[in-house]
Amino acid sequence: MKILHLDTNHPLLLEQFSELGFKNDEDYTSSKEEVESKIHNYDGLIIRSRFPIDKQFLDKATNLKFIGRVGAGLENITTRYAREKGVFLANAPEGNRNAVGEHALGMLLGVMNKLTKAHREVRKGKWDREGNRGVELDGKTVGIIGYGNMGKAFARKLKGFNAEIICYDIIGGVGDDNARQVGILELQQKADIISLHVPENESSVGMINTEFIEAFKNPFWLINTARGKCVVTEDLVEGLKSGKILGAGLDVLEYEKKSFENMFTKRPKAFKYLRKANNVLLTPHVAGWTVESKEKLAQTIVDKIKAEFS
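Here the structure is a predicted model, which means the values were calculated and not measured.

Definitions and limits used
Residues numbered from 1 in each chain as written. Predicted model: local features only at pLDDT ≥ 70, side-chain atom pairs only at ≥ 80, totals over all residues. Heavy atoms only, no water. Helix = DSSP H or I, 4+ residues; strand = E, 2+ residues; numbered from the N terminus. Buried < 20%, exposed > 50% of the residue type's maximum accessible area, 1.4 Å probe, protein only. Contact = heavy atoms within 4.5 Å. Polar contact = N/O pair within 3.5 Å; in protein donor to acceptor, adjacent residues only side chain to side chain. Salt bridge = Lys/Arg side-chain N within 4 Å of Asp/Glu carboxyl O. Pairing = 2+ DSSP bridges. Axes fitted to C-alpha atoms, helices over the stretch in contact; angles between N-to-C directions.

K.L.:
What should I look at first to understand the environment of Glu-36 in this one?
P.N.:
Structurally, Glu-36 is set in helix H2 (residues 32-36). Glu-36 sits in the buried class, given a relative accessible area of 5%. The spatial distance from the C-alpha of Glu-36 to the C-alpha of Glu-238 is 43 Å, given a sequence separation of 202 residues. In contact with Glu-36, other than residues within four places in its own chain, are Asp-54, Gln-56, Phe-57 and Lys-60. At 2.7 Å, the side chain of Glu-36 and the side chain of Lys-32 are in polar contact.

K.L.:
What exactly am I supposed to notice about the pattern of salt bridges here?
P.N.:
Oppositely charged side chains may form a pair once their charged atoms are brought near each other. Counted under the stated rule, the structure contains 19 salt bridges. Of the charged contacts in the structure, one is a salt bridge between Glu-94 and Lys-304, with a shortest N-O distance of 3.1 Å. Taken together, the residues Glu-94 in helix H5 (residues 93-112) and Lys-304 in helix H12 (residues 291-309) connect sequence positions 210 residues apart. Taking the shortest distance from any N to any O, the salt bridge between Lys-126 and Glu-121 comes out at 3.9 Å. The class of Lys-126 is partly exposed, set by a relative accessible area of 44%. Through salt bridges with shared partners, one network takes in Lys-117, Glu-121, Lys-126 and Asp-128.

K.L.:
Would you mind going over the sheet that holds strand S8 (residues 180-181) with me for this structure?
P.N.:
Working definition: the strands of a sheet are paired by backbone hydrogen bonds and lie parallel or antiparallel to each other. The strand order S8-S7-S6-S9-S10-S11-S12 describes an open sheet built from seven strands, whose pairing is parallel. Here the strands that pair on one side only, and so sit at the sheet edges, are S8 and strand S12 (280-282). Strands in contact with helix H10 (residues 233-242) are strand S10 (220-224), strand S11 (245-250) and S12; relative to S11, the strand with the most contacts, it is inclined by about 140°.

So this is what it looks like as structure tokens:
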């Protein structure tokens, strides 16, 4: 089988596919239209997020048997249509779940202990201990929205902090020894912290909005290592200004480009507020982007395709 690689990844992908007898071709620069003109020659496709694999693309991929997406989500693929055409889809949430769990915990501790504010001030020569007094995680209630690979990894990282861990998911029966599953009303009554671990889909886009925020009994900290479009940024900013949201750790932003690779061109007023806010910690979509996860993501893809086709 011939495989076309559209994004650079860990070299083990090329090495192990070759060992399986697959032929690897690499194209990291052609436009979507140029790739569409030759995709009929390939049985397999390996991507990250360079461009969307939509109906038009899939119609031209007449011999395509599988797509390996080296990452957790499949939102850049028209999945229903791909499956209708018999294309096997392999993604790798198992590969970077540990990295995401660690990053989410780091962001949470960062915003609760005012590390962004303290860092900025000390660099300017300001030494304000009282103004940078933190809040402990011990005794708080952490609400995890989305309790799949990422949510479970985050819950495991929270063990030892003496916090109550609850989770909310549209799928029932996912709670475990690390997190008790609750309904949305209990989540909104009890949570002091909310961490998002949901895929991007119709039900999750825009889910963190003013109505959602105002429904919480307690002011809370918000962590988002999932997808930027799950949070309405303007509503988040209003929540930060009002004190309903105590602080936010955002690895993803509503305005990101679909490829995740470059800084977005749109700089709305809400984003300008986030850049300057002392109680906001921002990172460039790197929660699952560790040295170790790069290898684990690639290995997961190889293993899934090998199990299906060899």
